[in-house]
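Overview (structure and organization)
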Amino acid sequence: GIIADKAVVSTQSTGTKTFLEDVLKQGLRPDARETYDYRNIQIEFGSRWGHAEVVLGNTRVMARVSAQIEKPPVTRPMEGSLLFFVYFSPMSSAKFSGNRTDFSTVVTRLLERTIKETRVIDTESLCIVSGEKVINLRVDLNLLDFAGNIIDACCIAAMSALSHFRRPDFVVNGEEVTVFTEKERDPIPLSVLHIPITCTIGFAGEKILVDPSDDEESVMDGFVSIATNTHHEICYIYMGGGVTLTPALVSKCCEISSLKTQEISAQITSCLEADAATRKVSPENASKPSAISSISLQEKMDKLLVEDLTSIREKMETDDQVESAQYGSITIRYIDETDTVDTVTGVGTVKEKKDQTPTKLAAIQKTPEKESFPGF
């Protein structure tokens, strides 16, 4: 459907507005973008499933998906639910005095009609026991930094988080339901049927502004947000402001939205594949590289032998016939109390004070390493 509403504009001084209007009349944009260019989009995923952060230019939105097992309503006993909650932090911009604003309600309603009502998620796959237990999904979106075009940033963040989320696996045996933790069984991805993405286009006189910034929003007459999916289907149209659109202009905006949806959905898929590849390399700590990943297996063995030096000394002192011993790449030998003790390992050199040196010690020398195992 098409809904008309007042555009949300930021507060600018008269001089700034006059300058921006003059720039737009000359066919230019304040940030030197072309007419149909989006700002740079960055998508990052957290260590937990369903955590995504999207940066659109300087607009930053964080999305988090959570799941809870509850009893379904009587009207839909075999379907789970999908709820959206949008919060505008006062720290993101001076124009937001609280978390719940009129425009945050508008964005929440738009996300529900774009994602929920177009059945992006197969809610029947969230049913555990009909009429008894279903999985209800909740998507929380927090605006961290505001620099224009909140609608697109929230939609990209919501779809990225839902595509990244994994629900717990479960088994139904009669009336008994067993829900497995992430350690017991790998979680299951959601059944995402299609990926709708909104494209917001502003209008300032005869100028078309794709992905308007906060400066451009302050002088534009109105805007339209069109949600299309990768199948070139129009999911939703939202109009803001008092601008009047001709059928030809609406058709042109739909074509622009369809092209931008293909680009953004491809970027979301690419980021998901990169995150999956990272988790395969290090599933327990994908986001943090190992502190000793550059140390070879042989060096780890040497370090363990150095730490167990006391027991090796005692073993050598029990046999007077032994003057040296070989342990892998480590050579242990007897020395006098007047000698200087240097413990040479793959990770450095450790010196022991002479007054702490017993009568017989084991000095460690590392022999040339023949083979190493990178990645340990």
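It should be noted that the structure appears before, not after, this text.
This one's a predicted model, so the numbers in the text were calculated from it and none came from an experiment. (Residues numbered from 1 in each chain as written. Predicted model: local features only at pLDDT ≥ 70, side-chain atom pairs only at ≥ 80, totals over all residues. Heavy atoms only, no water.)

**Examining the pattern of salt bridges**
As enumerated under the stated definition, the model contains 13 salt bridges in all. One salt bridge connects R33 with D31, and the closest N-O pair in it is separated by 2.7 Å. Looking at D31, the relative accessible area reads 35%, which means it is partly exposed. Of the charged contacts, one joins R39 and D211 as a salt bridge, the two residues approaching to 2.9 Å between their closest N and O atoms. Placement of the pair is R39 in the loop between α1 (14-25) and β2 (41-45) and D211 in the loop between β13 (207-210) and α4 (214-217), with a sequence separation of 172 residues. (Salt bridge = Lys/Arg side-chain N within 4 Å of Asp/Glu carboxyl O. Buried < 20%, exposed > 50% of the residue type's maximum accessible area, 1.4 Å probe, protein only. Helix = DSSP H or I, 4+ residues; strand = E, 2+ residues; numbered from the N terminus.)

**Some words on unusual backbone geometry**
Not every positive phi belongs to a glycine, and A32 is a case in point at roughly 70°. Within the secondary structure, A32 is located in the loop between α1 and β2. Note on A32: relative accessible area 67%, which makes it exposed. Look at N149: it is not a glycine, yet its phi comes out positive at around 60°. Of note, N149 is situated in the loop between β7 (133-145) and α3 (150-164). Residue classification places N149 among the buried residues on the basis of a relative accessible area of 2%.

**Quick notes on the packing of helix α2 (residues 102-116) against α3**
When two helices pack together, their arrangement is given by the angle between the helix axes and the distance between those axes. Closest axis-to-axis distance for the α2/α3 pair is 10 Å, and the angle between their directions is 45°. Here α2 lies oblique to α3, going by the angle between them. Read as a crossing pair, α2 and α3 show a hand that is right-handed. Contacts between α2 and α3 involve F103, V107, L110, L111 and I115 from the former and I150, I151, C154, C155, A158, M159 and L162 from the latter. Classifying every residue of the contact of α2 with α3 gives 12 nonpolar, no polar and no charged. (Axes fitted to C-alpha atoms, helices over the stretch in contact; angles between N-to-C directions. Parallel < 35°, antiparallel > 145°, perpendicular 65-115°, else oblique. Left-handed = near helix turned anticlockwise from the far one by under 90°. Contact = heavy atoms within 4.5 Å. Nonpolar A, V, L, I, M, F, W, Y, C, P; charged D, E, K, R; others polar.)

**Focus: the packing of α3 against helix α5 (residues 247-281)**
Running from N to C, α3 and α5 point in directions that differ by 40°, and their axes come no closer than 11 Å. Seen along the crossing, α3 lies across α5 with a hand that is right-handed. For the pair α3 and α5, the contacting residues are I156, S160, S163 and H164 in the first and I264, I268, L272, D275 and R279 in the second.

**Regarding α3**
The terminal C-alpha atoms of α3, which comprises 15 residues, lie 21 Å apart, in line with the 21 Å expected from a rise of 1.5 Å per residue. Within α3, 15 of the 15 residues are buried, leaving the element largely enclosed by the surrounding structure. (Expected span 1.5 Å × (residues − 1).)

**What about the state of the cysteines?**
Counted according to the given criterion, the structure contains zero disulfides. Here C253 stays free of any disulfide, with the sulfur of C254 as its closest cysteine sulfur at 7.0 Å. Here C253 falls in the buried class, since its relative accessible area comes to 1%. (Disulfide = S-S within 2.5 Å.)

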